[in-house]
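Fold and geometry: a report
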Amino acid sequence: MITATTASTRDAQVFDLIAKEQHRQESGIELIASENFVSPAVMEAAGSVLTNKYAEGLPGKRYYGGCEVVDQIEQLAIDRVKELFGATWANVQPHSGANANTAVFLACLQPGDTILGFDLSHGGHLTHGSPVNISGKYFRPTFYGVERETGVINYDKVEETAMRERPKLMICGASAYSRDWDYARLRAIADQIGALLLADISHPSGLIAKKLLNDPFDHCHIVTTTTHKTLRGPRGGLIMMRNDFENPFGIKTPKGELRLMSSLLDSGVFPGTQGGPLEHIIAAKAVAFGEALSDEYAEYTQQVKANAQAMARAFVDRGYSIISGGTDNHLMLIDLRTKGGNATNLTGKLAENTLIKADITINKNMVPFDDKSPMVTSGMRVGTAAMTTRGMKESDMEQIVVYIDEVLMNHDNDSRLSSIKEEINEWMKAFPLYQG
Ligand code: DSN
């Protein structure tokens, strides 16, 4: 029998550290654009007995017995996410966004095939062809980027690159791009060269679900996302399609029929790139998708967007330069070189290391055409998903920018930084995270 943990049998080393992390999350300002805070129900499902179960396969088609209950849970997650995005097919098993993308590559590409993605140094993602990732090692990566003058993607240039490079798969989506995407234009480009189009909507997926941004599903053959950013679920990934279709690669079933893309993608996840699905995390995804179907979540996403716009205005008012001049979604990328000139010598690294002293968490980020290395950078990326979950509104975003500016302008004044930290810790008590 496994007995319940008591105060005396508890693994203090681990649980004291978890308590410290909870305190860190509760007492600081969290602006990492890819982070959010999940509900207690999501955490309860993620910490449930479902972690004990092996369930390789799909609902109704498993390689293990005893899957009657997890089948129902996984089916619930699939049904809810299909309703949320208006999709007709979903695989909720990818352990992460990176795994979701790798499964798509395995389903659609052969080693050496050409892919075209958004340049990482312009705001793209590691898994869209970076030479240090499997996507750039096993395939031939080519890239498009933003214009130096505007910070915005020029779709005519994307077309030129696609026509020249003839990728088999085009990828749109980013981790640091604050503007919406023209999915219809990208599909028109993909159709000219017979490429498949993948949208990785990991960052703005919550805003897309609530129709606050363009809908990729009618234009992109395949859509991937993480579940833990604006979608506010447990850490994980998923793959979806609105319209399934026969694979263009001639891969047939034993009966000689062309396999559907959904079947290739399912195989890309398991057995292609993963083993047993994390049914506890899939249950937590189901809970989060249920929450995301609510009116309350729709209001939350509207507030995320309104907060990002208020924050962008506040940065501009204080002399900071935002790449592309503003934001359509939940995040923005700030070029620190324009603030304070050489007198402050601000870099992303200095900003990240100084802001954390005041309990403000951001990440340093390359800006397009950056003259500094990825470990230093000229930029910082911030997003509003997490602080909006804590109940913050537009005026709070302005206050956050006041604090950030104050910290950066006093980066060599430790006593000023520690008094700002105290003020912030006190202020955060007005936005409780996990009551009780
Ligand atoms: N690490 C995520 C982000 O911060 O955007 C992307 O994988």
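Structure report, in brief. (Residues numbered from 1 in each chain as written. Predicted model: local features only at pLDDT ≥ 70, side-chain atom pairs only at ≥ 80, totals over all residues. Heavy atoms only, no water.)

**Describing the side chain of Ser 175**
Mapped onto the elements, Ser 175 comes out in the loop between β7 (169-172) and α7 (183-193). Look at Ser 175 and you get buried, because its relative accessible area is 15%. When residues no more than four places from it in sequence are discounted, the contact partners of Ser 175 are Gly 123, Gly 124, His 125, His 203, Leu 331 and Arg 381. (Helix = DSSP H or I, 4+ residues; strand = E, 2+ residues; numbered from the N terminus. Buried < 20%, exposed > 50% of the residue type's maximum accessible area, 1.4 Å probe, protein only. Contact = heavy atoms within 4.5 Å.)

**Some thoughts on empty space enclosed by the protein**
Under the definition given, this model contains two cavities of 30 Å³ or more. Computed from the structure, the largest cavity encloses a volume of approximately 120 Å³. In this structure, the largest cavity is lined by 18 residues; those nearest its centre are Ala 174, Arg 179, Trp 181, Pro 204 and Asn 329. Considered class by class, the residues forming the lining of the largest cavity number eleven nonpolar, four polar and three charged. Approximately 30 Å³ is the volume attributed to the second largest cavity. Lining the second largest cavity are Gly 151, Ala 176, Tyr 177, Ser 178, Ile 323 and Leu 333. Grouping the amino acids of the lining of the second largest cavity by side-chain chemistry returns four nonpolar, two polar and no charged. (1 Å grid on protein atoms, 1.4 Å probe; cavity = no way out; pocket = protein on both sides within 12 Å on 5 of 7 lines; lining within 4 Å. Points joined across faces, edges and corners; volume = space filled by probe spheres on them. Nonpolar A, V, L, I, M, F, W, Y, C, P; charged D, E, K, R; others polar.)

**Examining the site of the ligand**
In the vicinity of the ligand, the contacting residues are Ser 34, His 125, Ser 175, His 203 and Arg 381. Separating an oxygen atom of the ligand from a side-chain N or O atom of His 125 is a distance of 2.6 Å. At a separation of 2.7 Å, an oxygen atom of the ligand approaches a polar side-chain atom of Arg 381. If the ligand stood free it would expose 230 Å²; the protein chains cover 62% of that surface. Tallied by class, residues from the shell around the ligand come to no nonpolar, four polar and one charged. (Near = heavy atom within 4 Å. Polar contact = N/O pair within 3.5 Å; in protein donor to acceptor, adjacent residues only side chain to side chain. Areas by Shrake-Rupley, 256 points an atom, 1.4 Å probe, with all protein chains shown as cover.)

**Here we look at the side chain of Asp 200**
Tracing the backbone shows Asp 200 in strand β8 (residues 196-200). For the buried residue Asp 200, which engages in no salt bridge, the nearest side chain bearing the opposite charge is Lys 229, 6.7 Å off. Side-chain polar atoms of Asp 200 contact the side chain of Asn 101, separated by 2.9 Å. Excluding residues that lie within four positions of it along the chain, Asp 200 makes contacts with Asn 101, Thr 127, His 128, Cys 172, Gly 173, Ala 174, Thr 224 and Thr 225. (Lys, Arg positive; Asp, Glu negative; His and termini not counted. Salt bridge = Lys/Arg side-chain N within 4 Å of Asp/Glu carboxyl O.)

**Points about the environment of Met 240**
Position of Met 240 relative to the elements: it lies in strand β10 (residues 237-241). When its relative accessible area of 0% is taken as the criterion, Met 240 is described as buried. In the structure, Met 240 is positioned 210 residues away from Glu 30 in sequence and 29 Å away in space, judged by C-alpha atoms. Discounting chain neighbours no more than four positions away, the residues touching Met 240 are Val 81, Phe 85, Ala 87, Trp 89, Ala 90, Phe 217, Ile 222, Val 223 and Thr 225.

**Looking at the packing of aromatic side chains**
Two aromatic rings are characterised by how far apart their centres lie and by the angle between their planes. Within the structure shown, the criterion is met by 13 aromatic pairs. Measuring from ring centre to ring centre gives 5.6 Å for Phe 85 and Phe 217, while their planes differ by 35°; the resulting arrangement is tilted. With Phe 85 in helix α3 (residues 68-85) and Phe 217 in the loop between α8 (205-209) and β9 (222-226), this pair connects stretches of sequence that are 132 residues apart. On the accessibility criterion, Phe 85 (5% relative accessible area) is buried. Site record: aromatic cluster; members linked through ring pairs are Phe 118, Tyr 144, Tyr 177 and Trp 181. Over the ring of Phe 369 we find Arg 148; its NZ or CZ atom is 4.3 Å from the centre of that ring. (Phe/Tyr/Trp six-rings, centres within 6.5 Å; stacked < 30°, edge-to-face > 60°. Lys NZ or Arg CZ within 6 Å of the ring centre and 35° of its normal.)

**Some details on the packing of helix α4 (residues 97-108) against helix α9 (residues 261-273)**
Running from N to C, α4 and α9 cross one another at 120°; their axes reach a closest spacing of 8 Å. Relative to α9, the element α4 is oriented oblique. When you trace α4 past α9, the crossing you get is right-handed. Across the interface between the two elements, Asn 99, Thr 102, Ala 103, Val 104, Leu 106, Ala 107 and Cys 108 of α4 pack against Met 261, Leu 264, Leu 265, Gly 268, Val 269, Gly 272 and Thr 273 of α9. Looking at the contact of α4 with α9, its residues break down into nine nonpolar, five polar and no charged. (Axes fitted to C-alpha atoms, helices over the stretch in contact; angles between N-to-C directions. Parallel < 35°, antiparallel > 145°, perpendicular 65-115°, else oblique. Left-handed = near helix turned anticlockwise from the far one by under 90°.)

**With respect to the pattern of salt bridges**
A full pass over the atoms with the stated rule returns 23 salt bridges. In this structure, the salt-bridge partner of Glu 21 is Arg 24, at a minimum N-O distance of 2.8 Å. With Glu 21 and Arg 24 both in helix α1 (residues 12-27) and three residues apart, the pair spans about one turn of that helix. Assessed through its relative accessible area of 34%, Arg 24 is described here as partly exposed. Salt-bridge contacts for Arg 140 lead to Glu 165; the nearest nitrogen and oxygen are separated by 2.9 Å. Here Glu 165 lies in helix α6 (residues 155-165) and Arg 140 lies in strand β6 (residues 140-144), a separation of 25 residues in the sequence. The class of Arg 140 is partly exposed, set by a relative accessible area of 37%.

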